[in-house]
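Secondary and tertiary structure notes
Each chain, written out:
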Amino acid sequence: MTRQKTLVLTGASRGIGHATVKRFGAEGWRVLTCSRQPFDPRCPWPGGEENHIQIDLADPNRTIEAIEVIKARIDGQLDALVNNAGISPKGPGGSRLNALETDLRVWGQVFHVNFFAPIVLARGLKNELVAAQGSVVNVTSIAGSRVHPFAGAAYATSKAALAALTREMAHDFGPLGVRVNAIAPGEVETAILSPGTDKIVDQLPLRRLGQPREVADVIWFLCSDQSSYISGSEIPINGGQHV
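Sequence order as written defines the numbering, with residues in each chain counted from 1. Selection of residues for local features in this predicted model requires a pLDDT of at least 70, selection of side-chain atom pairs for listing and counting requires 80 or more, and totals for whole chains, interfaces and linings are taken over all residues. In computing side-chain values, all of the structure's heavy atoms are included and hydrogens and water are not.

Focus on the overall build of the protein
Note the threshold: In DSSP terms, a helix is any run of H or I states spanning at least four residues, a strand is any run of E spanning at least two, and both are numbered starting from the N terminus. Throughout, radius of gyration means the C-alpha value; the globule benchmark is 2.2 Å times the number of residues raised to the power 0.38. Throughout this description, buried means an accessible area under 20% of the type-specific maximum (1.4 Å probe, protein chains only), exposed means over 50%, and partly exposed covers the range between. Neither His nor the chain ends is counted toward charge; the positive residues are Lys and Arg and the negative residues Asp and Glu. A charge is said to be at NZ when it belongs to Lys, at CZ for Arg, at CG for Asp and at CD for Glu.
Along the protein, the regular secondary structure elements total seven helices and seven strands. Start at the N end of the protein and walk to the C end: the helices and strands fall as β-α-β-β-α-β-α-α-β-α-β-α-α-β. Over its C-alpha trace the protein gives a radius of gyration of 17 Å, about what one expects of a compact globule, namely 18 Å for 243 residues. Viewed in the frame of its principal axes, the protein has a C-alpha envelope of about 50 × 40 × 40 Å. Evaluated residue by residue, the protein yields a buried proportion of 51% over its 243 residues. Counting 24 positive and 23 negative side-chain charges, the protein places the centres of these two groups 2 Å from one another.

Structure follows, in structure tokens:
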């Protein structure tokens, strides 16, 4: 009997995270979900409640404490860690928080969730990832490489930093047999979309929004044996928005 593979996924409660749970569940993986919210009983996957960890990644102490909780549930081996959680605060009326006006405390909170939590979790679960010869996927953003009309300065710089961190992690985890990659979604149809996104879509080569399942498929690919020689990459998933 083969061992059931395990994924730890942050930011699991909606959008890309939700689709990722379903994708890995369909492949027979056990998925440990981590998010700020308690488990929602409406979530359709089996074993969801006992595999859920409520954690606020904006608080570094809570993030560090969660590592022991995760370790106690994964039996020494972790096949994949997907750092999907991210926050993108807005100003009054949903306005974009630019570099001139973003409060430093807000900037710090964004970096704790979007940048520091991924490396804290990966380092904390290093032995389990090595034992499984596992894979890490960091979710960055198209906003990490260009100024975006809605994503603010703190969000954009945190995602750019996460892209650089992905390279550093690939370099450092590689000799241990652990691959580290990133995906950079563009305009994906989730609750985080801002009014006016339709104007961006009109300019995309594919002329449509991405679907969360299309992103989840790439995450699955990067955690599967099909990508066994890919590490240190950042894959754009944006319908040609970057061209």
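There's more to say after this.
Quick word on helix α7 (residues 212-223)
Heads up, the rule is: Expected helix span is given by 1.5 Å per residue-to-residue step, counting one fewer step than there are residues. Contacts are assigned to residue pairs with any non-hydrogen atoms lying within 4.5 Å of each other.
With twelve residues, α7 extends 17 Å between its outermost C-alpha atoms, agreeing within 8% with the 16 Å of an ideal straight helix rising 1.5 Å per residue. By the burial criterion, the buried members of α7 are P212, V215, A216, V218, I219, W220, L222 and C223. In this structure, the buried side of α7 is in contact with α1 (15-26), β4 (80-83), β5 (135-139), β6 (179-185) and β7 (234-237).

Some words on empty space enclosed by the protein
The following threshold applies: In the cavity and pocket records, a cavity denotes points on a 1 Å grid over the protein atoms alone where a 1.4 Å probe fits but cannot get out, a pocket denotes an open set with protein on both sides within 12 Å along at least 5 of 7 lines, and lining residues are residues with an atom within 4 Å of a point. Grid points are joined across faces, edges and corners, and a volume is the space filled by probe spheres set on the points.
Counted according to the given criterion, the structure contains one cavity of 30 Å³ or more. Quantified by volume, the largest cavity comes out at close to 40 Å³. Elements that contribute at least two residues to the lining of the largest cavity include exactly α3 (104-124) and α5 (153-173).

Quick word on the pattern of salt bridges
Oppositely charged side chains may form a pair once their charged atoms are brought near each other. We count it as follows: Only one rule defines a salt bridge in this text: a Lys or Arg side-chain nitrogen within 4 Å of an Asp or Glu carboxyl oxygen.
Scanning the entire structure with this criterion turns up seven salt bridges. Residue R23 is joined to D217 by a salt bridge in which the shortest nitrogen-to-oxygen separation is 2.7 Å. On the criterion of sequence distance, the pair formed by R23 in helix α1 and D217 in helix α7 is long-range, its members being 194 residues apart. By relative accessible area, which is 22% here, R23 ends up partly exposed. With a closest N to O distance of 2.8 Å, E214 and R208 form a salt bridge. R208 gets classed as partly exposed once you look at its relative accessible area, which sits at 39%.

With respect to unusual backbone geometry
Positive phi values are uncommon outside glycine, yet D75 reaches one of about 60°. Inspection of the secondary structure puts D75 in the loop between α2 (60-74) and β4. Overall, the relative accessible area of 74% leaves D75 in the exposed class. Within the chain, Q133 stands out as a residue other than glycine whose phi angle is a positive 50°. Within the element layout of this structure, Q133 appears in the loop between α4 (126-132) and β5. Residue Q133 is classed as partly exposed on the basis of its relative accessible area, which comes to 49%.

Let's talk about the side chain of K159
The line we're drawing: Under the rule applied, a polar contact is a pair of N or O atoms within 3.5 Å (in protein, one hydrogen donor and one hydrogen acceptor; residues adjacent in sequence only if both atoms are side-chain atoms).
Within the secondary structure, K159 sits in helix α5. Buried charged residue K159 carries no salt bridge. Nearest counter-charge: E234, at 9.0 Å. A distance of 2.8 Å separates the side chain of K159 from the backbone oxygen of V139, its partner in a polar contact. With near-sequence residues (within four places) excluded, K159 lies in contact with N114, V139, T140, S141 and G144.

In short, the description is geometric, and any link to function would need to be established separately.
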